[in-house]
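# Analysis of the macromolecular model
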Protein chains: 2
Amino acid sequence: MAKRQIYLEDIPLAEARATLQAALASAGRAAPLPGESLPLDEALGRVTAEPARAALSSPHFHCAAMDGYAVSAADTVAARETKALALRLGREAYPVNTGDPLPEKTNAVIMIENTNQSDESTILIYAAAAPWQHVRLMGEDMVATETVLQVNHQLRPVDLGALAGCGHQQVIVRRKPRVVIIPTGSELVPAQERPKRGQLIEYNSLILRSQISENGGEAEVTGIVGDDETALQVALSAAQASKPDLILILSGSSAGSHDFTADAIRSLGEVLTHGIAVRPGHPVIIGMAARIPIIGVPGYPVSAALTGELFVVPLMRQWLGLAPIASPTIDAITTQKIASPIGDDDFVRVALAELDGQLQATPLRRGAGVITSLVQADGLAHIPRFHEGVDRGGRLKASLYRPLSLIKRTLLIMGSHDPMLDLLATHLRRHTSDQRIVSVNVGSIGGLIALRRREAHLAGCHLFHPESETYNTHYLARYLPHEPVELVTFAQREQGLILPAGNPRGITTVADLPGARYINRQRGAGTRLLFDHLLAQHEISPDAITGYHHEEYTHLAVAAAVADGIGDCGMGLRSAAEAMGLDFIGLTWERFDLAIPRRRLESAGILALLETLRSSEFRRELGAQSGYRSDETGQVLTK
Amino acid sequence: MAKRQIYLEDIPLAEARATLQAALASAGRAAPLPGESLPLDEALGRVTAEPARAALSSPHFHCAAMDGYAVSAADTVAARETKALALRLGREAYPVNTGDPLPEKTNAVIMIENTNQSDESTILIYAAAAPWQHVRLMGEDMVATETVLQVNHQLRPVDLGALAGCGHQQVIVRRKPRVVIIPTGSELVPAQERPKRGQLIEYNSLILRSQISENGGEAEVTGIVGDDETALQVALSAAQASKPDLILILSGSSAGSHDFTADAIRSLGEVLTHGIAVRPGHPVIIGMAARIPIIGVPGYPVSAALTGELFVVPLMRQWLGLAPIASPTIDAITTQKIASPIGDDDFVRVALAELDGQLQATPLRRGAGVITSLVQADGLAHIPRFHEGVDRGGRLKASLYRPLSLIKRTLLIMGSHDPMLDLLATHLRRHTSDQRIVSVNVGSIGGLIALRRREAHLAGCHLFHPESETYNTHYLARYLPHEPVELVTFAQREQGLILPAGNPRGITTVADLPGARYINRQRGAGTRLLFDHLLAQHEISPDAITGYHHEEYTHLAVAAAVADGIGDCGMGLRSAAEAMGLDFIGLTWERFDLAIPRRRLESAGILALLETLRSSEFRRELGAQSGYRSDETGQVLTK
């Protein structure tokens, strides 16, 4: 095992940034990069390195602004509505189309609509022309030498047009910041390889490289360097030799890995900070060697992506002469308590939805290894240092990862998560590209509580009530006594025992479970209620079930736990068992409903959802899934 | 001259869009495009054509979430704070780094901080381990088969990371919409050529092509086709043969040009609409031939760019499965009356600034030929059909072309425009990339009125008062009697007579002007006041000056008019004369001041501006310009 450095000196984010800036300044690297000349049609999105001045006036001659006849205004003064004036073509009047240069000695255009051609060589006019009427004067748009674009301006389509229009073929833009990315970690394999047990796919380099290119830089990714100090020194020296603007060393996931990074930087230069008080992202390293800044990026993907956002992207923009990204920020109330370590700047990924005019933030899973929490995040809440967090119902500020307009069109489904809700979302997006559903898994009862608290637009549930042998209706009455709610059937699903392939323990009913290691679902999950009901039917006490207190949050997680040998059996959907190649013994078909408050039924989002749910296309695809029936899909059961 | 179609059938924008959609639907072209498989590192910004499901779980084995020792929780139950338990290395405890797979039969990790190594083969622990503590369970992030990304999702860096992390090397993204752009117009030359008199640079294709590529499509631009029906038919047939998703025919600027376009479309298919009630942009043509939609784009660059925004960009997004762009929209009050044609959807480019907490919109020049009005625009106000416009002080809605945060950091300078204000803006942007100044030219007195109306943060002025022989102070007292204002000297500038190269009329003083064609400045301009003063000194009546009523709005425009032979003389800055290669006879040095309301002096923007103004770097560069002195630059003259 590698030697370990257990305590990192955590410095505040602002101080780390100031340290980096001071080091850049003293290395002469704080200023925007110099310019390079590019043809206009390759310059979209690039940033001007100097102001652009008009090389030519535009238009560069006086020209007709209308189709008609160019005249000298002085020749027209006698014309009256009641007394037409004849002008000789080619001598006093010249036919011009819009854009044509004015013939010499003319200074006005008469629109063709206001003339009559009396014969081949003469036109009649009925009003005097004012000097310069219907004429685009030379330089109307741009006058040669005037400033057309400022420095540090990111080029848009119209900017390129303006540059071409005033005589430029090229534009001086800042060269792209160049970055070398060195992924490290003996446990890593490139994304092109299939990982063996114990190996992890290296994808942080893909995230960082994409962040860099999205922000105007370009990154080269080296091969993966194992956890070996000498090898890392060699890789770092090679990176330095190509004289990039920045080197990123992506640490492996182990704590020891950061030490290799720090040691390698120290061997060639200086470590400026090691450890920053941000969460996630603590073990960021900032160093400088041979006047090139080096950032040691933590190994967990969320930490790596956030380090990119906090340190790498701002550097790209600084070097391009652009202001930092100012993501739109919103105020929201949080649906869950967020506890933050008091010494850290805490960055929390949140799902956002608007309910009854109020933006609500639901924190997503906080593990730094859960990249899907960033994929799913609508925003990033920043709980500043010296704050202990936010209570449920408290206010927070979040910068947005998606347009607010999209968030406002989001239907939030809380409750039990069925994988086919993703299929519904797919069909909905195919039909109406501007309507989105987001499903947050809190279990069936959690969903009804969320409805009561008005934290979700609708809830997914499959709650069996043994006494009445009904699904869901009983629980609606219990949890939402004061809210009229409609139940719309989503699907019938086959629930049963999920067993290792080949069923080595020969389990066939719940009665066989005592003695086996069972994988349970969390409290409030419909599947857990169903299991409790089956236990009661078989008169088995929960205490007799090994693993009754082991809680997983989804059907797939239960199946994964069985597939990996953590347990001998779990209960869940046929589809989950089959997805993992496991055995399945069906026990019952249950009804999974969507509970929708009646006052939301007429909202555009719910209408679109119901239309998609009831479409023959969706019902056909749903019904074709193993373990699903869609005959009742879309039917309404009034509470 | 080509035959002309004078009346276009203008249909409303919404109807034109509906017509296009109906035609697309009946040609089977309304749906998003099919997918193609791309390596992940080429897929940034592309759009998923189907949902992406996890190919592998991530992690795909249980692994240590901390550096420490993997153990079986059952082996640790006897450990107490007061009674250490010894575990044998390699039999009951296995050293693991974060990310390592758990050895068989272990189900928990004890952090290294909570252990002591008693000898080479034994560690001591002081607390029992809970099952699965500090373990990342298989599938914690993604479980194989679960949906990781939805269809119609534009791929961001973290999305690519997530795809790689769950075992993908490729992703199915929608193929790019392909467009052929045919520029037409006999008067046009490519941007690579220097235009002769009567020729215009063709740059609409560059704007449209850039709009298309910025929105995920790709466009091929053909050579310029002259105003010839057969040639256009040939070009259109060739474009159809390459089976693009869309063909754009860019009309030349003449009205006749649109007819060529319409006739060519008709010869191969159908014209669906010819003329749309939008301003600018009227003569848009929509057609369909061989199941390929064709849009005839008007020739004026602002109309062309707006047609791109209104028709082409939405098509790109539709074909990619993306919702229409929802630009942020703001409410502002307008500083000028906007008159809109009642039958049109009127799109007005506006400059935006925040004054005293209120966003204010100032309409920019409205000519469809003025591409710089789009370059300078901060937003686009939409005056809907059946509205006659907005009065000064009235409210309008504008979609933003720049981030609101940047607009809020904008200092609006109204009044006289000195070209060196652009130099100041350049220096300011170099120093503080997040501070912007925008200068709107309304003449010196216009600037003081704007200050009084609180429509500008500061004003530029050079107003000579003959009686007191002072600059500016007298006029401040007159126009801003109730507002304490500080005058900060911007520059001393040399004013004089701008004359054709070689001074063919031998003009040397104002006394020589009667008989010559003079180019005057607009009322309220400081240069006009100065000219009036010189006329009075020479006892010359304005009536004796030919062209006294010909008004230009800038020094450069006066110089351009002299250069082009419209006039024999004008008055203005030495710098303007020299920029145009003209003769110049200096008459006086004048002071150009910035008038800044005292209550704004402590704002961040003004402080940054004054710091830049007073920097030795700026003053040196300003003083080195011909016709400028900077010895007093930055000095304060209290009113």
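Above: the structure in question.
In short, a report on the structure. (Residues numbered from 1 in each chain as written. Chains lettered and ligands numbered in written order. Predicted model: local features only at pLDDT ≥ 70, side-chain atom pairs only at ≥ 80, totals over all residues. Heavy atoms only, no water.)

Time to look at the relation of the copies chain B and chain A. Each of the two chain copies goes to the other by way of a rotation about an axis and a shift along it. Least-squares fitting of chain B to chain A yields an RMSD of 0.1 Å, with the superposition described by an axial translation of 0.0 Å and a rotation of 180°. What we have between these two chains is a two-fold relation. Distance from the rotation axis, computed per C-alpha, reaches its smallest value in chain B at Pro328 of chain B: 5.1 Å. Looking at the interface residues of chain B, 100% of them are also at the interface in chain A, so both copies use one shared face. (Least-squares fit on C-alpha atoms with pLDDT ≥ 70 in both. Contact = heavy atoms within 4.5 Å.)

The tally for this structure, following the rule as stated, stands at 59 salt bridges over all chains. Here Asp593 of chain B makes a salt bridge to Arg591 of chain B, at a shortest N to O gap of 2.6 Å. Across this residue pair, the class does not change: Asp593 of chain B and Arg591 of chain B are buried. Salt bridges here are not isolated pairs; linked through shared partners, they connect Asp356, Arg454, Glu483, Arg599 and Arg600 of chain A. (Salt bridge = Lys/Arg side-chain N within 4 Å of Asp/Glu carboxyl O. Buried < 20%, exposed > 50% of the residue type's maximum accessible area, 1.4 Å probe, protein only.)

For the rest of this paragraph, the subject is the sheet that holds strand S17 (residues 246–250) of chain B. Residue and element names in this part refer to chain B. Taken in spatial order, the 6 strands line up as S16-S13-S17-S21-S20-S18 in an open sheet, and their pairing is mixed. What marks the edges here is a single partner per strand, and that holds for strand S16 (218–221) and strand S18 (270–274). Strand-to-strand twist across the sheet, computed as the mean angle between neighbouring axes with direction ignored, equals 20°. As defined by bridge partners, S17 adjoins strand S21 (residues 292–297) across 4 bridges and the pair is classed as parallel. Looking across to S21, one finds that Ile249 is bridged to Gly296. (Pairing = 2+ DSSP bridges. Helix = DSSP H or I, 4+ residues; strand = E, 2+ residues; numbered from the N terminus. Axes fitted to C-alpha atoms, helices over the stretch in contact; angles between N-to-C directions.)

Another point: helix H3 (residues 204–214) of chain A. Residues and elements named next belong to chain A. Burial within H3 is extensive, with 8 of its 11 residues counted as buried. Within H3, the full set of buried residues consists of Asn204, Ser205, Leu206, Ile207, Leu208, Ser210, Gln211 and Ile212. Where H3 terminates, the next one or two residues include Gly216, which has phi positive at roughly 90°.

Counting residues at the interface gives 112 residues for chain B, matched by 112 residues for chain A. For the pair chain B and chain A, the summed buried surface comes to about 9,300 Å²; carbon and sulfur atoms form 60% of the total. Summed over the shared surface of chain B and chain A, the number is 0 salt bridges. In this structure, the connection of chain B to chain A is made through 28 residue pairs in polar contact (both at pLDDT 80 or more). In terms of residue count, the dominant contributor to the side of chain B that touches chain A is helix H2 (residues 157–165) of chain B (8 residues). (Buried area = accessible area lost by both parts, 1.4 Å probe. Polar contact = N/O pair within 3.5 Å; in protein donor to acceptor, adjacent residues only side chain to side chain.)

Residues and elements named next belong to chain A. Burial of strand S25 (residues 358–363) is extensive: 5 of the 6 residues sit out of reach of the surface. Sheet analysis places strand S22 (residues 329–334) next to S25, joined by 2 bridges and oriented parallel. Within the sheet, the bridge partner assigned to Thr334 lies in S25 and is Ala361. Relative to S25, strand S24 (residues 345–355) is paired through 6 bridges, and the arrangement is antiparallel. Along S25, the bridge assignment pairs Leu355 with Gln358. What sits between the antiparallel neighbours S24 and S25 is a turn of 2 residues, in which Asp356 has the positive phi angle 50°.

The relative placement of two aromatic rings is captured by the distance of their centres and the angle of their planes. Residues and elements named next belong to chain A. As enumerated under the stated definition, the model contains 9 aromatic pairs over all chains in all. Taken together, the ring pairs in this structure connect Phe490, Phe592 and Phe618 into an aromatic cluster. Here the basic side chain of Arg17 rests over the ring of Phe311, its NZ or CZ set 6.0 Å away from the ring centre. (Phe/Tyr/Trp six-rings, centres within 6.5 Å; stacked < 30°, edge-to-face > 60°. Lys NZ or Arg CZ within 6 Å of the ring centre and 35° of its normal.)

With that settled, consider the sheet that holds strand S9 (residues 122–125) of chain A. All names here are of chain A. Strand order in the open sheet formed by 3 strands is S5-S9-S8, and the pairing between neighbours is antiparallel. The sheet terminates laterally at strand S5 (85–88) and strand S8 (115–119), the two strands that pair on one side only. Strand after strand, the sheet turns through a mean of 35° between neighbouring axes, direction not considered. Pairing analysis gives 4 bridges linking S5 to S9, with the strands arranged antiparallel. In the sheet register, Leu87 faces S9, and the bridge partner there is Ile123.

Before going further, it helps to spend a moment on the side chain of Gln522 of chain A. Residue and element names in this part refer to chain A. You can see Gln522 is positioned in the loop between strand S35 (518–521) and helix H12 (526–537). For Gln522, a relative accessible area of 4% gives the class buried. Apart from residues lying up to four places away in sequence, Gln522 is in contact with Asn441, Val442, Gly443, Arg528, Glu551, Glu552 and Tyr553.

Following both chains from N to C, one finds H3 of chain A and H2 of chain B inclined at 160°, their axes separated by 8 Å at the closest point. Judged by the inter-axis angle, H3 of chain A sits roughly antiparallel to H2 of chain B. When the axes of H3 of chain A and H2 of chain B are compared, the crossing they make is right-handed. The residues of H2 of chain B that touch H3 of chain A, namely those facing Leu206, Ile207, Ser210, Gln211 and Glu214 of chain A, are Pro157, Val158, Leu160, Gly161 and Ala164 of chain B. (Parallel < 35°, antiparallel > 145°, perpendicular 65-115°, else oblique. Left-handed = near helix turned anticlockwise from the far one by under 90°.)

Attention now goes to the environment of Val143 of chain A. As for its position among the elements, Val143 of chain A is in the loop between strand S10 (135–136) and strand S11 (147–149). Placed 84 residues apart in sequence, Val143 of chain A and Pro59 of chain A show a C-alpha to C-alpha distance of 8.5 Å. Discounting chain neighbours no more than four positions away, the residues touching Val143 of chain A are Ala54 and Ser57 of chain A together with Leu556, Ala560 and Met580 of chain B.

All names here are of chain A. In the contact formed by H3 and helix H6 (residues 301–320), the axes pass within 9 Å of each other and the chain directions differ by 25°. Judged by the angle between their axes, H3 and H6 are roughly parallel. The handedness of the crossing between H3 and H6 comes out as right-handed. Contact residues: H3 offers Asn204, Ile207, Leu208, Gln211 and Ile212, while H6 offers Pro301, Ala304, Ala305, Gly308, Glu309, Val312, Val313 and Met316. For the contact of H3 with H6, the per-class residue count stands at 9 nonpolar, 3 polar and 1 charged. (Nonpolar A, V, L, I, M, F, W, Y, C, P; charged D, E, K, R; others polar.)

With that settled, consider the environment of Asp422 of chain B. Topologically, Asp422 of chain B is positioned in helix H9 (residues 419–431). For the pair Asp422 of chain B and Val438 of chain B, spaced 16 residues apart in sequence, the C-alpha separation works out to 8.8 Å. Setting aside residues up to four positions removed in sequence, Asp422 of chain B forms contacts with Thr147 and Gln150 of chain A together with His417 of chain B.

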